[in-house]
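A look at the structure
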Amino acid sequence: LRLRADAAPLAVTAVVVLGLIALPLVNLLVRSFQTPDGWSLANYANLGTTGGRNALSVTVWEATANSLRTAAIATLLAVVIGGLVALVVSRRPRSRTGRRAISALDSVFMLPLGVSAVTVGFGFLITLDKPLGIDVDLRTSGLLVPIAQAVVAIPLVVRTVLPVLRAIDPRLREAAATLGASPARVFAAVDGPIAARSLGLAIGFAFAVSLGEFGATSFLARPDAATLPVVIFRLIGRPGAENYGMALAASVVLAVLTATVMMVAERLRGDRSAGEF
């Protein structure tokens, strides 16, 4: 009887997983080995070039290195800022004004989830040209792309760490304070170890999102410092079987990197029940 009741949900799940997730990924992988001359690794070998008719300013492997470096910086920024925001938002002020302020702060840092990453990137592009009237163009800074990616990833970090912090029994903090612990000591002994359970997952989400981020990065990345998603888009937009095959192979590389990051994050996850949305 139980099996019959679960048959419909199982069938729908199977169709979704196989038809919308597994099939496109398998098809992408298979076609990355196809060339006009037959099956080969030529598309992957071409990743060390700039494509047909020099479609790119950097090779795909150089773009991969740029992506990893940029994602690492963005993850560091997102985890630090997002962790601090989650810590503040997790507090429960007694006053109505305090609760409203906490809610407003939470809403502000959730904005990147409510607006397109393209909007974030375009906003950076027009705002950092002589910001506040200062005669300096920050759009050429190498930190601009990691900052934009961090802005996109911060909401995910907050939503990963926040449930864990909110689940902490306030009596634990009160007991530590009663024993004479300072606020810093209370955080180190109570909040820190518990929040660390979700840290691995937060890092994984931030790194994976930054690695595959295209919307904001497409506005801000310089041609000589293009990331992997930007390179894939440029290859698709250029004619020629060589460029198309390279785009397929580069997409497989990006998928493998992202999947690896998430698997490592799951390994680092201390508590399987921590950090759920």
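Our structure's up above, just so we're on the same page.
Read on for a plain summary of the structure. Every chain's residues receive numbers from 1 upward, in the order its sequence appears when written. Selection of residues for local features in this predicted model requires a pLDDT of at least 70, selection of side-chain atom pairs for listing and counting requires 80 or more, and totals for whole chains, interfaces and linings are taken over all residues. Calculation of side-chain values draws on the structure's entire complement of heavy atoms; hydrogens and water are dropped beforehand.

1. Here we look at the overall build of the protein chain
In this text, helices come from DSSP runs of H or I with a minimum length of four residues, and strands from runs of E with a minimum of two, each type numbered from the N-terminal end. Within the protein chain, the secondary structure is distributed over twelve helices and two strands. Considering only C-alpha atoms, the protein chain reaches an extent of 75 × 70 × 30 Å along its principal axes. Each residue's exposure class comes from its accessible area (1.4 Å probe, protein chains only) as a fraction of the maximum for that residue type: buried when under 20%, exposed when over 50%, partly exposed otherwise. Scored against the burial criterion, the 277 residues of the protein chain give a buried share of 38%. We call two residues contacting when some pair of their heavy atoms lies within 4.5 Å. Counted over contacts in the protein chain with a minimum sequence separation of 6, partners at least 24 positions apart contribute 72%. Computed with a 1.4 Å probe, the accessible areas rest on the Shrake-Rupley method; for each residue, only the protein chains presented here act as cover. Accessible surface for the protein chain amounts to roughly 15,600 Å². Of this, 67% is attributable to carbon and sulfur atoms. The distance from the centre of the 25 positive side-chain charges to the centre of the 16 negative ones in the protein chain is 8 Å. For the purpose of charge, His is not counted, nor are the chain termini; Lys and Arg are scored as positive and Asp and Glu as negative. Positions of charges follow a simple convention, taking NZ of Lys, CZ of Arg, CG of Asp or CD of Glu.

2. Observations concerning the packing of aromatic side chains
Working definition: rings of Phe, Tyr and Trp (its six-membered ring) pair if their centres are within 6.5 Å, and the pair is stacked with planes under 30 degrees apart, edge-to-face with planes over 60 apart, and tilted otherwise. Counted by the stated rule, this structure contains three aromatic pairs. Here phenylalanine 33 and tyrosine 44 contribute two aromatic rings whose centre-to-centre distance is 5.2 Å and whose plane-to-plane angle is 35°, an arrangement assigned as tilted. Taken together, the residues span a long stretch of sequence, with phenylalanine 33 in the loop between α1 (2-31) and β1 (34-35) and tyrosine 44 in helix α2 (residues 42-45) at a distance of eleven residues. For tyrosine 44, a relative accessible area of 18% corresponds to the buried category. For the pair phenylalanine 214 and phenylalanine 233, a centre-to-centre distance of 5.1 Å together with 50° between the ring planes defines the contact as tilted. Of this pair, phenylalanine 214 sits in the loop between α9 (199-212) and α10 (217-220) while phenylalanine 233 sits in helix α11 (residues 228-236), placing them 19 residues apart in sequence.

3. With respect to unusual backbone geometry
Unusually for a residue other than glycine, arginine 53 sits at a positive phi of about 55°. If you trace the backbone, arginine 53 turns up in the loop between α2 and α3 (60-89). Its identity as a non-glycine residue notwithstanding, asparagine 54 has a phi of 50°, on the positive side. Along the polypeptide, asparagine 54 turns up in the loop between α2 and α3.

4. Section: the side chain of threonine 227
Note on placement: threonine 227 falls in the loop between α10 and α11. Here threonine 227 falls in the buried class, since its relative accessible area comes to 3%. Sequence-distant contacts of threonine 227, that is, excluding residues within four places in its chain, are made with Ala63, Ser67, Gln149 and Thr217.

5. Comments concerning a nonpolar patch on the surface
Nonpolar side chains (Val, Leu, Ile, Met, Phe, Trp, Tyr) within 5 Å and like charges within 9 Å form the patches, drawn only from residues with over 30% relative accessible area and no salt bridge. For this document, the term salt bridge refers to a Lys or Arg side-chain nitrogen within 4 Å of an Asp or Glu carboxyl oxygen. Taken together, Ile73, Leu76, Leu77, Val80, Ile81, Leu84, Leu143 and Ile147 make up a surface patch of nonpolar side chains, about 660 Å² in accessible area. Here the element with the most residues in the nonpolar patch is α3; it accounts for six residues. Here leucine 77 lies in helix α3.

6. Some remarks on helix α6 (residues 144-166)
Between its first and last C-alpha, α6 extends 33 Å over 23 residues, near the 33 Å set by a 1.5 Å rise per residue. The principal kink in α6, of about 35°, is found at alanine 153, preceding the proline proline 155 by one to four residues. Most of α6 is tucked away: 18 of the 23 residues are buried. The span you would expect from a helix comes to 1.5 Å times its residue count less one. Fitting axes to the seven residues ending at a residue and to the seven starting there, one defines the bend at that residue as the angle between these axes.

7. Some words on the packing of α3 against helix α4 (residues 96-114)
The convention used is that axes are lines fitted to C-alpha atoms, helices contributing only their stretch in contact, and that angles between N-to-C directions extend from 0 to 180 degrees. Packing of α3 against α4 brings their axes to within 9 Å, and their N-to-C directions diverge by 155°. Taken together, the axes of α3 and α4 lie roughly antiparallel to each other. For the pair α3 and α4, the sense of crossing is left-handed. Listed contacts from α4 to Ile81, Val85, Val88 and Val89 of α3 are Ile102, Leu105, Asp106 and Phe109. Classification used: nonpolar for Ala, Val, Leu, Ile, Met, Phe, Trp, Tyr, Cys and Pro, charged for Asp, Glu, Lys and Arg, polar for all others including Gly. Tallied by class, the residues present in the contact of α3 with α4 amount to seven nonpolar, no polar and one charged. Reported orientations rely on four angle classes, namely roughly parallel under 35 degrees, roughly antiparallel over 145, roughly perpendicular from 65 to 115, and oblique for the rest. Two helices that cross are described as forming a left-handed crossing if the nearer one is turned anticlockwise from the farther one by less than a right angle, and a right-handed crossing if clockwise.

8. So, the packing of α6 against helix α8 (residues 183-195)
Contact pair α6 / α8: the axes reach a minimum separation of 9 Å and the direction vectors enclose 135°. When the interaxial angle is binned, α6 and α8 end up oblique. Between α6 and α8 lies a crossing whose hand is right-handed. Listed contacts from α8 to Val161, Val164 and Leu165 of α6 are Asp191, Ile194 and Ala195. Among the residues making up the contact of α6 with α8, the classes are represented as five nonpolar, no polar and one charged.

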